[in-house]
Amino acid sequence: MNYKRNLLITGGAGFIGSHVVRLFVTKYPDYRIINLDKLTYAGNLANLKDIEASPNYLFVKADICDFEKIQELLAQYRVDGIIHLAAESHVDRSIKDPFTFARTNVMGTLTLLQAAKLYWESLPEGYEGKRFYHISTDEVYGALELTKPNGIKSDISAHEVYGDEFFRETTKYNPHSPYSASKASSDHFVRAFHDTYGMPTIVTNCSNNYGPYQFPEKLIPLFINNIRHRKPLPVYGKGENVRDWLYVVDHARAIDLIFHKGKIAETYNIGGFNEWKNIDIIKVVIRTVDRLLGRKEGEDLDLITYVTDRKGHDLRYAIDSTKLKTELGWEPSLQFEEGIELTVKWYLENQAWMDNITSGEYEKYYEEMYRNR
Ligand code: NAD
Ligand code: TYD
């Protein structure tokens, strides 16, 4: 079949990537979707069981640092668009092992850029109709002050905010963790390929995602699983750090819109104006799990265990996504209350998915993490 577009999605077996692959495979049957993933501890083909037999879907196990392999794939499938999500993504792991983050996030992104440059420049039409879309994080902007520790309603958002400042597309990069430093570096390389070679690039910086298929080392799935098994919930520091949460399907919808309608060389911030203090979101998760498991609501609050804070723990993230709303008309489709209900239900109903991940190596890693705190 002659496909209308041939898209390479990297990191498609991970959390956000699997939602993006699913959306593109089902919404665009006339696109060929090539999912390239190394299947690290975070990659899981079970995340894509429902679409793996689709005729327009193809999985390739490969490392984004493998220059020859990437070059071969781009030419073999005449790739005209790249949506790049593959990365090492967990801050705690980056604190223990920063080299892996520099390798995958910086060198891997540069490898993809250079391979795409050579392939696209070799074609008669060059960069016309091509697109390199890099998925990044709001953590590159650093941390915001917590000037309103008790939260207030703000003009910019109908929701509670915890400070006067927001991350905007114009905010200066100021990353603090090895993870955010590696993502910042990769963002700079992507923009440099536009400015130097004219590659049609786009970068988006999104806030914390939550939803189905997230690896249970991140706050929400880790805590849902621990509550279910009545294990301690390790809250870093005082639990007062603020994160801005977005339902993963809304991130995937934004990626679809920006890939098709976003302006070349632009940056868009993606977020749902949904700030929460960790301790507050943890209490919502506990109450929701208790209710859905038929336990007395709140009976597991005593699992909360304050532990040594994360090194360099960023205090507050808050995204201003006004540009995306005004220029492209994107808005989150779900209220947080609906999103968290759907998420908790999904994890409770998909215990086999969770058990599969949390057997073996996972236990050892967590025992060690917890012992070191
Ligand atoms: P994830 O850790 O769940 O998935 C990452 C995927 O990349 C995995 O499938 C893994 O196997 C693959 N991968 C890792 N190294 C690779 C390599 N060298 N070659 C090929 N594949 C490799 O991550 P996620 O949470 O889905 O994040 C996806 C992207 O979105 C990342 O770039 C991340 O920085 C960004 N992001 C994440 C969030 C969030 O809240 N999770 C928010 C904003 C931006
Ligand atoms: P996380 O899900 O790791 O995302 P990120 O570090 O990218 O924001 O953590 C979200 C917040 O929850 C962050 O402030 C750290 C905190 N946290 C805990 O308090 N305990 C935990 O066990 C984890 C994993 C995170």
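Rules behind the numbers
- Residue indices follow the written sequence of each chain, beginning from 1 at its first position.
- Written order decides the labels, with chains lettered from A and ligands numbered from 1.
- The model is predicted, so local features are restricted to residues of pLDDT at least 70 and side-chain atom pairs to those at 80 or more, both for listing and for counting; the totals for chains, interfaces and linings are taken over all residues.
- Each side-chain value is worked out from all heavy atoms of the structure, with water and hydrogens disregarded.
- For this analysis, a salt bridge means a side-chain nitrogen from Lys or Arg found within 4 Å of a carboxyl oxygen belonging to Asp or Glu.
- With a 1.4 Å probe rolled over the protein chains alone, any residue whose accessible area is under 20% of its type maximum counts as buried; one over 50% counts as exposed, and the rest are partly exposed.
- Helix numbers and strand numbers start at the N terminus; a helix is a DSSP run of H or I with at least 4 residues, a strand a run of E with at least 2.
- Any residue with a heavy atom positioned within 4 Å of a molecule or strand is treated as near that molecule or strand.
- Polar contacts, as counted here, are pairs of nitrogen or oxygen atoms within 3.5 Å of one another; within protein the pair requires one atom able to donate a hydrogen and one able to accept it, and residues that are adjacent in sequence qualify only if both atoms are side-chain atoms.
- All accessible areas in this document rest on Shrake-Rupley with a 1.4 Å probe, and a residue is counted as covered only by the protein chains that are shown.
- Ten residues, namely Ala, Val, Leu, Ile, Met, Phe, Trp, Tyr, Cys and Pro, are considered nonpolar, four, namely Asp, Glu, Lys and Arg, are considered charged, and the remaining ones, Gly among them, are considered polar.
- Of all possible arcs, the one meant is that of the directions from the helix axis to the C-beta atoms.
- Here, residues are in contact when the closest pair of their heavy atoms is within 4.5 Å.
- Strand pairing is defined by DSSP finding a minimum of two bridges between the two strands.
- The axes used here are C-alpha line fits, helices contributing only the stretch in contact, and every angle between their N-to-C directions lies in the interval 0 to 180 degrees.

## With respect to the pattern of salt bridges
For side chains of opposite charge, pairing can occur when their charged atoms come near one another. Taken as a whole and judged by the stated rule, the model has 24 salt bridges. The residue Glu125 makes a salt bridge to Lys130 at a minimum N-O spacing of 2.9 Å. Residue Lys130 is classed as buried on the basis of its relative accessible area of 8%. One salt bridge connects Lys263 with Glu327, and the closest N-O pair in it is separated by 4.0 Å. Here Lys263 is found in the loop between α7 (248-261) and β12 (267-270), whereas its partner Glu327 is found in helix α9 (residues 322-328), with 64 residues between them in sequence. Relative accessible area serves as the criterion here: at 48%, Lys263 is assigned to the partly exposed category. Judged by relative accessible area, Glu327 falls into the partly exposed class, the value being 40%. Each of the salt bridges in this network shares a partner with another, and the network as a whole consists of Arg230, Arg295, Glu299 and Asp300.

## Section: the site of ligand 1
Near ligand 1 there are 28 residues, and of these Ile16, Asp37, Ser89, Tyr179 and Lys183 occur at the shortest range. At 3.0 Å, a backbone N or O of Thr40 approaches an oxygen atom of ligand 1. Between ligand 1 and Asn209 there is a distance of 2.8 Å, counted from an oxygen atom to a backbone nitrogen or oxygen. Taken by itself ligand 1 offers 840 Å² of open surface, and the protein chains cover 97% of this. For the shell around ligand 1, the secondary structure elements donating two or more residues are α1 (15-27), β5 (131-137), α5 (178-197) and β9 (208-210). With three residues, β5 is the single largest residue contributor to the shell around ligand 1. When the residues that make up the shell around ligand 1 are grouped by side-chain class, the tally is 13 nonpolar, eleven polar and four charged.

## A closer look at helix α2 (residues 67-76)
Along an α-helix, a turn takes 3.6 residues, which lines up residues three or four apart on a common side. Within α2 the residues assigned to the buried category are Ile70, Leu73 and Leu74. Burial along α2 is one-sided: seen end-on, the buried residues are contained in an arc of 100°. The inward-facing, buried residues of α2 abut β1 (5-10), β2 (31-37), β3 (57-61), β4 (81-84) and α4 (98-121). At the exit of α2 stands Arg78, carrying a positive phi of roughly 50°.

## Comments concerning the sheet that holds β12
The pairing of strands in a sheet happens through backbone hydrogen bonds and is either parallel or antiparallel. The seven strands lie next to each other as β3-β2-β1-β4-β5-β8-β12, forming an open sheet whose pairing is parallel. Strand pairing shows two members of the sheet lacking a second neighbour, β3 and β12, which therefore form its edges. Strand-to-strand, the axes of this sheet are offset by a mean angle of 20°, without reference to chain direction. In the sheet, strand β8 (residues 201-206) pairs with β12 via four bridges, with the strands oriented parallel. Within β12, the residue paired with Thr204 across the bridge is Tyr268. Each of β5, β8 and β12 is contacted by α5, which is oriented at about 155° to β5, the strand it contacts most. Set on the sheet, α7 makes contact with β1, β2, β4, β5, β8 and β12; between it and β5 the angle comes to about 145°.

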